[in-house]
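# Examination of the molecular architecture
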Amino acid sequence: MSDEKLLVSFACQRCLQPLRLDDTFNYLNEHTLAELTLPVISNPDVDLESQATSVDHFVHPCRLSDSGNGINGFMLISDSGEVETISNQMRVRATLFDTLSENSHIDHPLCDECADALIEMLEQQVKLTHNDYDDYCEYLRKLESDSEDLHLDTLEQELHSLHDEEKRLLDELERMKEEESAIVLAIEEQERISQRLTQDEERYWRQYTSHRRDLMATDDEYRSVECQLEYTQSQLEKLKKTNVFNATFHIWHSGHFGTINNFRLGRLPSVPIDWSEINAAWGQTALLLAALARKINLTFDRYKLVPYGNHSYIEVLSDQKELPLFGSGGFRFLWDTKFDAGMVAFLDCLQQFKEKVEEGDKDFCLPYKMNKGKIEDSSSDANYSIKIQFNSEEQWTKALKFMLTNLKWSLAWVSSQFGADDNETN
């Protein structure tokens, strides 16, 4: 370590780097300070009065001698004998830098690099100032040379023409202002019209959107109605091709039994059909024959069919007696003869239907002959009684099956003759 003390009490006013001052700044006499405080000699050609107003805006630089203890805020610690000397030196330096700062627009002190940069900048300013000075001098010489050729009359004429031009331009300006006012009023009117058109356009688009939505809803509804109409027409065509009697009364067979709408008609010892099913089959059979007779305008002699579900019956017109077309079971030899009489009467009604049809259609023929409660099988010349009393269940079931076959043929004839009319009315 060196015993030499480095006193750093100032910083560069541009880059704020700490500075170590030369020892020659420690001792400045009063003559040197007085010379530094002298003002810079101004150019005698410069008008100082024109620049007097700039003094009002001059801001004094910060004085280092007024800050802190006169040492720019630094506290120096050394031996007690050196305190007074260092303090005097700091005051001298501060006074020096304050004086330099007051005589220029640059704050001091500066480091070497900042001073070099400042000198370079000032040299460029001096060069630019010299160029401006040369230009002004040249222009002044030109004006002095041109002033000899100018005449007052020419200038007055030129001034008069300029006044006339000014008056013309002022008149034109007034006219332009009037046109501007008219144009402003027209613009305001057009803006009001534009605003009204904008409101009308918005209202139009709202109405258009509403109508468009209604159109889409109507179009959807129209397409839906078209689909429904197409489906309905297809169903109508299907119904036109469908016979009402065939759709309502389906006569078929199931083994040894004849069936109507899936109700079996008859009984066998091996297949004891419930009487509720037999009675329902007889109800469907009575309803079918009554509908066929009504279709050809047939009124039965001696009897009247009364379809009443599984309690249908035949009314004897001569004595108002009812013959049931339903049974309740029991011993066959103790059977109520009214049921047998009802079945015989039904077979008689079917025979009357056959005779009525043959009157208009000679080619009509049923596969099984019917006579007084019996059905004849032409292929075997066998007769089967429709009565259940004193008869076997097998023969009774076969007689009922033949009866349903004749009824199916009658249904087919009516369907072929009245199918189109029936579809139209139904």
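Residues numbered from 1 in each chain as written. Predicted model: local features only at pLDDT ≥ 70, side-chain atom pairs only at ≥ 80, totals over all residues. Heavy atoms only, no water.

### Considerations on the overall build of the protein
- When its secondary structure is counted, the protein shows 8 helices and 11 strands.
- Among the 426 residues that make up the protein, the fraction classed as buried is 27%.
- The long-range share in the protein, meaning contacts at least 24 apart out of those at least 6 apart in sequence, stands at 59%. (Helix = DSSP H or I, 4+ residues; strand = E, 2+ residues; numbered from the N terminus. Buried < 20%, exposed > 50% of the residue type's maximum accessible area, 1.4 Å probe, protein only. Contact = heavy atoms within 4.5 Å.)

### A few points about the side chain of aspartate 340
- Relative to the helices and strands, aspartate 340 resides in helix H7 (residues 337-360).
- An unpaired buried charge is present at aspartate 340: no salt bridge exists, and lysine 387, the closest side chain of opposite charge, is 6.4 Å distant.
- Leaving out residues up to four positions away in the same chain, aspartate 340 has contacts with Lys387, Ile388 and Gln389. (Lys, Arg positive; Asp, Glu negative; His and termini not counted. Salt bridge = Lys/Arg side-chain N within 4 Å of Asp/Glu carboxyl O.)

### Brief notes about unusual backbone geometry
- Of note in this structure, asparagine 262 is not a glycine but carries a positive phi near 70°.
- In this structure, asparagine 262 sits in the loop between strand S4 (257-260) and strand S5 (263-265).
- Its relative accessible area of 65% is what places asparagine 262 among the exposed residues.
- The phi dihedral of phenylalanine 390 is positive, around 55°, even though this residue is not glycine.
- Here phenylalanine 390 lies in the loop between strand S11 (382-385) and helix H8 (393-425).
- By relative accessible area, which is 66% here, phenylalanine 390 ends up exposed.

### Overview of the pairing of strand S7 (residues 313-316)
- The alternating pattern of S7 places Tyr313 and Glu315 on one face and Ile314 and Val316 on the opposite face, and all of these are buried.
- In the sheet, strand S6 (residues 303-306) pairs with S7 via 4 bridges, with the strands oriented antiparallel. Along S7, the bridge assignment pairs leucine 305 with isoleucine 314.
- Here S7 hands over to strand S8 (residues 321-324) after 4 residues, with glutamine 320 in that stretch at a positive phi of 55°. (Pairing = 2+ DSSP bridges.)

### So, the side chain of serine 385
- Among the secondary structure elements, serine 385 is positioned in strand S11.
- Taking the relative accessible area as the measure of exposure, serine 385 reaches 18% and is therefore buried.
- One polar contact links the side chain of serine 385 to the main-chain amide nitrogen of lysine 387, over a distance of 3.1 Å. (Polar contact = N/O pair within 3.5 Å; in protein donor to acceptor, adjacent residues only side chain to side chain.)

### Observations regarding the sheet that holds S6
- In spatial order, the strands read S6-S7-S8; together these 3 strands make up an open sheet with antiparallel pairing. Two strands close off the open sheet at either side, each with one partner strand: S6 and S8. Between one strand axis and the next, the sheet turns through 25° on average, direction left out of account.
- On the sheet, H7 packs against S6, S7 and S8 and is oriented at approximately 95° with respect to S8. (Axes fitted to C-alpha atoms, helices over the stretch in contact; angles between N-to-C directions.)

### Focus: the packing of aromatic side chains
- Going through the model one piece at a time under the given rule, you end up with 9 aromatic pairs.
- With a centroid separation of 6.2 Å and an interplanar angle of 25°, the aromatic rings of tyrosine 204 and tyrosine 208 are classed as stacked. Residue tyrosine 204 and its partner tyrosine 208 are both found in helix H4 (residues 152-240); the two are separated by 4 residues, about one turn of the helix.
- Residue classification places tyrosine 208 among the partly exposed residues on the basis of a relative accessible area of 39%.
- Aromatic ring contacts, followed pair by pair, group Tyr204, Trp205 and Tyr208 into a single cluster. (Phe/Tyr/Trp six-rings, centres within 6.5 Å; stacked < 30°, edge-to-face > 60°.)

### Details of the sheet that holds S5
- Judged by pairing direction, the sheet is antiparallel, and its 3 strands sit side by side in the order S3-S4-S5 without closing on themselves. Whereas interior strands pair on both sides, the edge strands pair on one side only; in this sheet they are strand S3 (251-254) and S5. With direction set aside, neighbouring strand axes in the sheet form an average angle of 40°.
- Here 4 bridges tie S3 to S4, and the two strands are oriented antiparallel to one another.

### Considerations on the pattern of salt bridges
- All chains considered together, the criterion is met by 10 salt bridges.
- Among the ionic pairs, aspartate 219 bridges to arginine 223, the shortest N-O distance being 3.0 Å. In this pair, aspartate 219 and arginine 223 are both assigned in helix H4, 4 residues apart and thus about one turn of the helix distant.
- A salt bridge links arginine 302 to aspartate 348; the nearest nitrogen and oxygen atoms lie 2.8 Å apart. Residue arginine 302 is found in the loop between helix H6 (275-295) and S6, and its partner aspartate 348 is found in helix H7; the two are separated by 46 residues along the sequence.
- Judged by relative accessible area, aspartate 348 falls into the partly exposed class, the value being 24%.
- Three or more residues joined by partner-sharing salt bridges are found here, namely Glu165, Arg168 and Glu172.

### Digging into a negative patch on the surface
- Taken together, the side chains of Asp112, Glu113, Asp116, Glu120 and Glu123 present a region of like negative charge at the surface.
- For aspartate 112, the location among the structural elements is in helix H3 (residues 112-146).
- A relative accessible area of 64% means that aspartate 112 is categorised as exposed. (Patch = residues over 30% accessible without salt bridge, like charges linked within 9 Å, V, L, I, M, F, W, Y side chains within 5 Å. Areas by Shrake-Rupley, 256 points an atom, 1.4 Å probe, with all protein chains shown as cover. Charge placed at Lys NZ, Arg CZ, Asp CG, Glu CD.)

Just geometry here; none of it tells us what the structure is for.
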